[in-house]
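As a plain string of letters, each chain reads:
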Amino acid sequence: MHPAFSVVFFTTATGAGYGLLALLGVLGGFQIIPPDFWLGLVGLGLSLGLIMAGLLSSTGHLGRPERAWRAFSQWRSSWLSREGVASVITFIPTGLFSIGWVFFGRIDGWVGIAGFLMAGCAVVTVCTTGMIYASLKPIAQWHSRFTLPGYLIFSGMTGSMFLNALLHGFAVGSKMLLVASVLLTLLGWGWKLATWRYNDRLEIPTTANTATGLAGGTVRSLEWPHTEENYLLKEMGFRIARKHGARLRQITQLLAFALPVLLLAIVLALPWPLTALLSLLAAIVQFAGMLVERWLFFAEAKHTVTLYYGR
Amino acid sequence: MTCLPSQSGKKLGLVIDLDACVGCQACVTACKEWNTGGHMAPLTDIDPYGGHVDGVWFNRVHAYEHTTEMGGRTVNFPRSCLHCETPACVTVCPTGASYKRASDGIVLIDEDKCIGCKLCSWACPYGAREFDTDVGVMKKCTLCVDRIYNDNLAEEDRVPACVAACPTGARHFGDLGDPSSAVSQLVAERGGVDLMPELGYHPTNKYLPPRAHSKRAASVAAPALEPVRAEGGFLGWVDRMLSN
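The shown structure was predicted, so the numbers you read here are calculated from the model rather than taken from an experiment.

**Student:** What exactly am I supposed to notice about the overall build of chain B here?
**Tutor:** The helix and strand tally for chain B stands at 7 helices and 11 strands. Computed over the C-alpha atoms, the radius of gyration of chain B is 23 Å, more than 25% above the 18 Å expected from 2.2 N^0.38 for a compact globule of 244 residues. Burial statistics for chain B: of 244 residues in total, 45% are counted as buried. Long-range contacts, defined as pairs at least 24 residues apart, comprise 61% of the intrachain contacts of chain B with a sequence gap of at least 6.

**Student:** I keep staring at the overall build of chain A and nothing clicks. Help me out?
**Tutor:** Secondary structure assignment for chain A yields 10 helices and 1 strand. What you see in chain A, going N to C, is helices and strands ordered as α-α-α-α-α-α-α-β-α-α-α. The proportion of buried residues among the 311 residues of chain A is 51%. Look at the contacts in chain A between residues 6 or more apart in sequence, and 78% of them connect residues 24 or more apart.

**Student:** Looking at this model, I keep getting lost on the confidence of the model for chain B. Mind explaining?
**Tutor:** Reading predicted coordinates in detail is not appropriate for stretches of low pLDDT. Here chain B shows a mean pLDDT of 92. Residues at 70 or above account for 94%. Complex prediction metrics read pTM 0.90 and ipTM 0.93.

**Student:** Explain the sheet that holds strand β11 (residues 206-208) of chain B here, please?
**Tutor:** Through backbone hydrogen bonds, the strands of a sheet pair up, either in parallel or in antiparallel fashion. Residue and element names in this part refer to chain B. Across the sheet, which stays open at both edges, the 3 strands sit in the order β10-β1-β11 with mixed pairing between neighbours. Strand pairing shows two members of the sheet lacking a second neighbour, β10 (171-175) and β11, which therefore form its edges. Sheet twist, expressed as the mean angle between neighbouring strand axes with direction ignored, is 25 degrees. Of the pairings in the sheet, the one linking strand β1 (residues 12-17) to β11 comprises 3 bridges and is parallel in character. Across the sheet, residue Val-15 finds its bridge partner in β11, namely Lys-206.

**Student:** When you look at the environment of A:Leu280 in this model, what are you seeing that I'm missing?
**Tutor:** Residues and elements named next belong to chain A. Within the element layout of this structure, Leu-280 appears in helix α10 (residues 274-299). Between the alpha carbons of Leu-280 and Ala-256 there is a distance of 14 Å; along the sequence they are 24 residues apart. Filtering out sequence-adjacent residues up to four positions away, Leu-280 remains in contact with Ala-165 and Gly-169.

**Student:** Explanation requested: the interface of chain A and chain B in the structure shown.
**Tutor:** How large an interface is tends to be reported as the accessible area lost when its parts come together. On the chain B side, the residues contacting the 47 residues of chain A number 51 residues. When contributions to the side of chain A that touches chain B are tallied by element, the ones reaching two or more residues are α3 (79-104), α7 (208-212), β1 (218-223) and α8 (231-236) of chain A. Among the elements that line the side of chain A that touches chain B, the one with the most residues is β1(A), at 6 residues. Residues of the side of chain A that touches chain B, tallied by class, amount to 19 nonpolar, 19 polar and 9 charged. As defined by bridge partners, β1(A) adjoins strand β4 (residues 60-68) of chain B across 5 bridges and the pair is classed as antiparallel. By the bridge assignment for β4(B), A:Thr218 is matched with B:Thr67.

**Student:** Where do I start with the sheet that holds β4(B) in this structure?
**Tutor:** A sheet is described by the order of its strands in space; here 3 strands give the open sequence β1(A)-β4(B)-β5(B), paired in antiparallel fashion. Each of the sheet's edge strands pairs with one partner strand only, and the pair in question is β1 of chain A together with β5 (71-79) of chain B. Recorded for the sheet is a direction-independent mean angle of 30 degrees between the axes of neighbouring strands. Relative to β5(B), β4(B) runs antiparallel, the two sharing 9 bridges. Residue pairing in the sheet places B:Tyr64 in a bridge with B:Val75 of β5(B).

**Student:** What is the right way to look at the packing of helix α5 (residues 147-169) of chain A against helix α6 (residues 175-200) of chain A in this model?
**Tutor:** The axes of two packed helices give the description: the angle between them and the distance between them. Residue and element names in this part refer to chain A. Packing of α5 against α6 brings their axes to within 9 Å, and their N-to-C directions diverge by 150 degrees. By the criterion of interaxial angle, the relationship of α5 to α6 is roughly antiparallel. In the crossing of α5 with α6, the sense of the turn from one axis to the other is left-handed. Contacts between α5 and α6 involve Pro-149, Gly-150, Ile-153, Phe-154, Gly-156, Met-157, Ser-160, Met-161, Leu-163, Asn-164 and Leu-167 from the first element and Leu-177, Leu-178, Ala-180, Ser-181, Leu-184, Thr-185, Leu-187, Gly-188, Trp-191 and Thr-195 from the second.

**Student:** What is the right way to look at the packing of helix α2 (residues 37-59) of chain A against α3(A) in this model?
**Tutor:** Residue and element names in this part refer to chain A. Contact pair α2 / α3: the axes reach a minimum separation of 10 Å and the direction vectors enclose 165 degrees. The angle between α2 and α3 falls in the class roughly antiparallel. Taken as a pair, α2 and α3 cross one another with a handedness that is left-handed. Along its contact with α2, which presents Phe-37, Gly-40, Leu-41, Leu-44 and Leu-55, the element α3 presents Ser-87, Ser-98, Trp-101 and Val-102. When its residues are assigned to classes, the contact of α2 with α3 shows 6 nonpolar, 3 polar and no charged.

**Student:** What should I look at first to understand the nonpolar core in this one?
**Tutor:** Nonpolar side chains in soluble globular proteins generally cluster together in the buried interior. Grouped together as the largest cluster of nonpolar side chains are 151 residues, with contacts concentrated most on A:Ala122, A:Phe162 and B:Ala123. Leaving out residues up to four positions away in the same chain, A:Ala122 has contacts with A:Tyr18, A:Leu21, A:Ala22, A:Gly25 and A:Thr90.

**Student:** Can you walk me through the environment of B:Thr133 in this structure?
**Tutor:** Residues and elements named next belong to chain B. Along the chain, Thr-133 turns up in the loop between β8 (130-132) and β9 (137-139). Judged by C-beta crowding, with 16 C-beta atoms within 10 Å, Thr-133 ranks as partly exposed. Linking Thr-133 and Asp-54, residues 79 residues apart in sequence, is a C-alpha distance of 9.9 Å.

**Student:** For this particular structure, what's the right way to read α3(A)?
**Tutor:** Since the α-helix packs 3.6 residues into each turn, any two residues three or four apart lie on the same face. For α3(A), which comprises 26 residues, the first-to-last C-alpha distance of 36 Å matches the rise-based estimate of 38 Å (1.5 Å per residue) to within 8%. A:Gly105 lies just past α3(A) and shows a positive phi near 60 degrees.

**Student:** Please explain the environment of A:Arg220 as it appears in this structure.
**Tutor:** The residue A:Arg220 is located in strand β1 in this model. Here A:Arg220 falls in the partly exposed class, since 13 other C-beta atoms lie within 10 Å of it. Non-local contacts of A:Arg220, meaning those with residues more than four positions away in its chain, are made with A:Gly310, B:Tyr64 and B:Glu65.

**Student:** Please explain the pairing of β10(B) as it appears in this structure.
**Tutor:** Remember that side chains alternate between the two faces of the sheet whenever the strand is regular. Residue and element names in this part refer to chain B. With 4 of 5 residues buried, β10 is to be regarded as a mostly interior element. Relative to β10, β1 runs antiparallel, the two sharing 5 bridges. Residue pairing across strands places Ile-16 opposite Arg-171, the latter belonging to β10.

**Student:** Sorry if this is basic, but what is going on with unusual backbone geometry here?
**Tutor:** With the exception of glycine, most residues fall at negative phi, and the peptide bonds are largely trans. Omega for the bond connecting A:Trp272 with A:Pro273 falls within 30 degrees of zero, at 10 degrees, which places this linkage in the cis form. With respect to the helices and strands, A:Pro273 occurs in the loop between α9 (240-267) and α10. Here the residue pair B:Ala41 and B:Pro42 is connected by a cis peptide bond, since its omega of -10 degrees sits within 30 degrees of zero. Examined against the element boundaries, B:Pro42 turns out to sit in the loop between α1 (26-35) and β2 (45-46). Phi angles above zero are rare outside glycine, and A:Gln31 is one such case at about 55 degrees. Tracing the chain through its elements places A:Gln31 in the loop between α1 (5-29) and α2. A positive phi angle, near 50 degrees, is found at B:His202, a position not held by glycine.

Thresholds, definitions, all that
Residues numbered from 1 in each chain as written. Chains lettered and ligands numbered in written order. Predicted model: local features only at pLDDT ≥ 70, side-chain atom pairs only at ≥ 80, totals over all residues. Helix = DSSP H or I, 4+ residues; strand = E, 2+ residues; numbered from the N terminus. Rg over C-alpha atoms; globule rule 2.2 N^0.38 Å. Buried ≥ 20, exposed ≤ 12 C-beta atoms within 10 Å, placed from the backbone. Contact = placed C-beta atoms within 7 Å. pLDDT = per-residue confidence, 0-100. Pairing = 2+ DSSP bridges. Axes fitted to C-alpha atoms, helices over the stretch in contact; angles between N-to-C directions. Nonpolar A, V, L, I, M, F, W, Y, C, P; charged D, E, K, R; others polar. Parallel < 35°, antiparallel > 145°, perpendicular 65-115°, else oblique. Left-handed = near helix turned anticlockwise from the far one by under 90°. Core = buried A, V, L, I, M, F, W, Y, C linked by C-beta atoms within 7 Å. Expected span 1.5 Å × (residues − 1).

Pasting the structure below:
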């Protein structure tokens, strides 16, 4: 599948944004983090910024973005429509929670309830994003039990990494959250390795034989219907990554998982403000690594239409 | 609404005979010619005379080499929308632009509602949908919905353009929901198959696999020429003069 940057950035940025939002909502709701004005402003601003940037980026993928409002109508059948609806609904408790925290300086009572609702909505929105991909039968690497949990884990992982950087930035760093970020990153690493292992051993029942209805023997593409690449090959016949796949997987593991864990381990031994600096660096490096991971998620996915072209 | 309708039982579609198709591309050009002015017009061409030709086509003919223990053969393979009974391209559509008609099962796109998110083309395993980068919307085969019900055409012309154009009779159009229809009987007789049945899209269009190889030589050799009977009269005299 063609890794369109608008979609790669969209899923990575909103994943981190909703992850951060969910953690702010839950930790705020339980009043584990202090209702500090600047922490609220920067934390909620950062998560909403990531979400808004991602949503705007996703409209760049559309052929007719001026009609995007129509995408809220088909939530009964379409995961993409559900994602749109869920993302808009999430803004309601997020708005209430933000007003409570930033303007009234409180995260208890109704503000706390709004925080829990906000966290729930954020998780639901990430689920709908994951299901867009997990529900597509022609792409076996996406239509697997690894896709939806992957989106949730990576959302929580990147979100906690940003929250850790924020707390250290305001000198209220918590060892608990730092350890949680490390554990989530290790979980993400393991999940990604398991996903790659599963995909590499995948035996897809759909072959050139079933695609053409020609039973038995071998079916070899002799001649394409066209001499140049068409929409199908440009959009769904993307192949470059398979050549560089191994190297990009190493880069993903280094940036998204290994370096952030190493940096956070160092943070434990350092005094403030170095802790803030390294925590921020860990979050940024991981985000860059997740962009590579998401690029590979698309580039390594094989659509059944490629069978018609002998690919 | 992109939820699938409860069907009336009528399932219009094509039956494609892979034994008869010679890969002449007549169906491809006939489709392009009709549909670039039809229901989903235009079928945009990008850089048509340049080095990177691209454009929207509803029907494309591949050629494959099918090799079995019986030997190898070339199979020409037309590929277009199969108007599936459970088309995921319709249910994934976020705007309601894609829909399946309850009355005859044809899968269509309302181009005025399409936002060009391309998700339907990802959901189609057969590559039936092509994005028009110029107009910014998705396009697909309409089963020539503007021909098959067109009272302005003679009755024999009320078939999809690809079917009308096929010089070898490899394409058949009809109601596959009616077991007594000519196309349904053809499918039963020739063992017509679904493409990628394992994905569960239940395509309406069926493909007739090539018939088994025959060890016999072709049985349709032309009869030997007979000697010309001697003509009398003036023409006979001319013949004799010219033959000398």
